[in-house]
Amino acid sequence: MISKIKTLEEARELSMNIIKAKDLTYEQKTSQLAKLAENLNDFPVSSVNERIFEISENGGFCDLWEGHAPYAPRYICPNYQKLLDEGCKFLRLEKAETLLDAINSLLIFYHHVPSITRYPVYIGKIDKLLDPFITDREEAKKLIKWFLVSLDRTINDSFCHANIGPEKTVAGEIILELLPTLNNVTPNMTILYDEDITPDDFGEKAVYASLLTANPAFANDKYYRKDFNGNYAIASCYNGLPISGGAFTLSRLRLGSLARSSSSKQDFFDRVLPEAIDLMCNFMEGKIRFIVEETPFFEENFLVKEGFIELDRFVGLFGVVGLHECVQKLLEFESKDLVYGKDDYANNLGLEVMDFVENRVNSFESKYSTFWNHRFMLHSQVGAQDDMEDSAGVRIRIGKEIPMYDHIKHSALFHKYFPSGIGDHFPFDETAEKNPAAVLDIFKAAFRLNMRYISCYGENGDLIRVTGYLVKKSDMQKFIDGESISYDTVQYAREAFEKYHLLERKVRDVK
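Note that the coordinates shown come from a computational prediction; the quantities given were computed from them, not determined experimentally. (Residues numbered from 1 in each chain as written. Predicted model: local features only at pLDDT ≥ 70, side-chain atom pairs only at ≥ 80, totals over all residues. Heavy atoms only, no water.)

Here's the deal with empty space enclosed by the protein
Going by this rule: Grid points spaced at 1 Å over the protein atoms alone were grouped into cavities, where a 1.4 Å probe fits but cannot get out, and pockets, open sets with protein on both sides within 12 Å along at least five of seven lines, with lining residues defined by an atom within 4 Å of a point. Grid points are joined across faces, edges and corners, and a volume is the space filled by probe spheres set on the points. Gly is placed with the polar residues, together with every amino acid not listed as nonpolar (Ala, Val, Leu, Ile, Met, Phe, Trp, Tyr, Cys and Pro) or charged (Asp, Glu, Lys and Arg).
Considering all chains together, one arrives at two cavities of 30 Å³ or more under this definition. There is about 50 Å³ of room inside the largest cavity. What lines the largest cavity is Val394, Arg395, Ile396, His410, Ser411, Phe414, His415, Ile422, Gly423 and Asp424. When grouped by side-chain class, the residues that make up the lining of the largest cavity number four nonpolar, four polar and two charged.

Structural data, given as structure tokens:
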């Protein structure tokens, strides 16, 4: 939902609530107070239409709390290899010569990479970055362990994302060995997997680590490389983005809410959906133009000046959630007792909705989204606070899951629409931990069906994937009990735990 602070007294009351909150850390309070100050401004004039506030109030639109006057892109994916190869003048860092040099340079640099979360949402292909500097495996393991610990203790947000693979490296093996012993929330991690490049033993180690710690998830490297014409990053939850670029902004339509605000299936397609798409495109475009044309970021920030990022490699992300609920409402209009995920007619109706969304979004020309031919990239967005009755992305609703192989086939129908990211998460019982090769075979089959992204975790583990980011069950319980937790993402996940039955996902086996 987007909203406007109407009076100074309202702003004072909100700020005092933040100041006095017992379940927020000092950093979390400063971040929320800064956002409150930003939101005393109006949205960029060119982005505002009163109808978008009405749609937002009715639950159909969400800007993911980006703020009224954004002064940096939402997601930034710097070229970290350039940092290690050349250093950074602004931060007075020299070219890295040793593993310790590389680790320290990266940790310092990460501190200065902005994002919507105030932490870097992408920290690079860390195995490729560190591997060339390894001369002694045991010494490297000690240093990489403290590198990972430092990330977890200083980047208090599991939207921070690292990549490994597809090749097997010494650094990659060390990372996978360390994950189960550390059991960290940050960074979120993805292996860029290609069965023609990634050895089975490396892939199985990744599956085993994921079953214990929900890390790493698996991305279909061939599929992403084709869409991005080569190099790319998986950032934040599971967002595919260009390296040396990123995303200006991300907003999302709640398709289920929009369907519920319609009077009929025809009304949904003829009036409600096209109006909402057009309004959101213009809203996003206004924000992008404000960042590029009215703030100094792309002229003065050292990341731009030194070539770590480039304006032409940024895009706008157009997100959707709630396709399951949207389809069910449209079926209700037609008096059809069918179920999304289970029945072909319902699934085809979901494809009809996504075809409409894709075509309408692609008809909008964005001045600065050069990387994607001046179009916005579609993103199957994760769940968030206030979603109410809209499931994440285009996923089958929790509690309505179907048998795993049918579930994968269904998911694969929709992954083609979302070059900037889509994901499905599967909890497994203890049978999987004893046979990671079987899980890897499932993932291979899913990728052959053109799924982009898939992840797993063990039902009995502490770490769990919420919608795309990680949270510990034990941390969530502490937060519910009123304790402050360093990870910001615990706050975002509370509703997923309490209202959306996250712990009731269908558990799979490999018997």
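Here the narrative resumes.
Let's talk about the domain arrangement of the protein
The line we're drawing: Those domain boundaries reflect an automatic or database domain assignment. Only heavy atoms matter for contacts: two residues are in contact if any of them lie within 4.5 Å across the pair. The quantity reported as buried area is the accessible area (1.4 Å probe) lost by two parts once they are put together, taken as the sum for both. For salt bridges, the criterion is a side-chain nitrogen of Lys or Arg within 4 Å of an Asp or Glu carboxyl oxygen. Throughout this description, a polar contact denotes any pair of N or O atoms lying within 3.5 Å of each other; where both atoms belong to protein, one of them has to be capable of donating a hydrogen while the other can accept it, and for residues adjacent in sequence the pair is counted only when both atoms sit in side chains. Elements are defined by DSSP. Helices are runs of H or I of four residues or more, strands are runs of E of two residues or more, and each kind is numbered from the N terminus.
Under the domain assignment used here, the protein contains domain 1 (41-70 + 242-422) and domain 2 (75-235). The centre of domain 1, based on its C-alpha atoms, is set 28 Å off from the matching centre of domain 2. Tallying the contact residues gives 27 residues for domain 1 and 25 residues for domain 2. Of the roughly 2000 Å² buried where domain 1 meets domain 2, counting both sides, 68% is carbon and sulfur surface. When the buried surface of domain 1 facing domain 2 is broken down by residue, Ile243, Phe302 and Phe308 rank first, second and third, together holding 33% of it. Across the contact surface, domain 1 and domain 2 share zero salt bridges. If you look at where domain 1 meets domain 2, you find seven residue pairs in polar contact (both at pLDDT 80 or more). Elements supplying a minimum of two residues to the side of domain 1 that touches domain 2: strand 8 (245-254), helix 14 (302-305) and strand 9 (314-321).

Describing the environment of Ile454
Note the threshold: Buried means the residue's accessible area, taken with a 1.4 Å probe over protein chains only, is under 20% of the maximum for its type, while exposed means over 50%, and partly exposed covers the values in between.
One can find Ile454 in strand 12 (residues 453-458). Classification of Ile454 as buried rests on a relative accessible area of 0%. Non-local contacts of Ile454, meaning those with residues more than four positions away in its chain, are made with Ala217, Phe218, Ile408, Asp424, Phe426, Phe443, Ala446 and Phe447.

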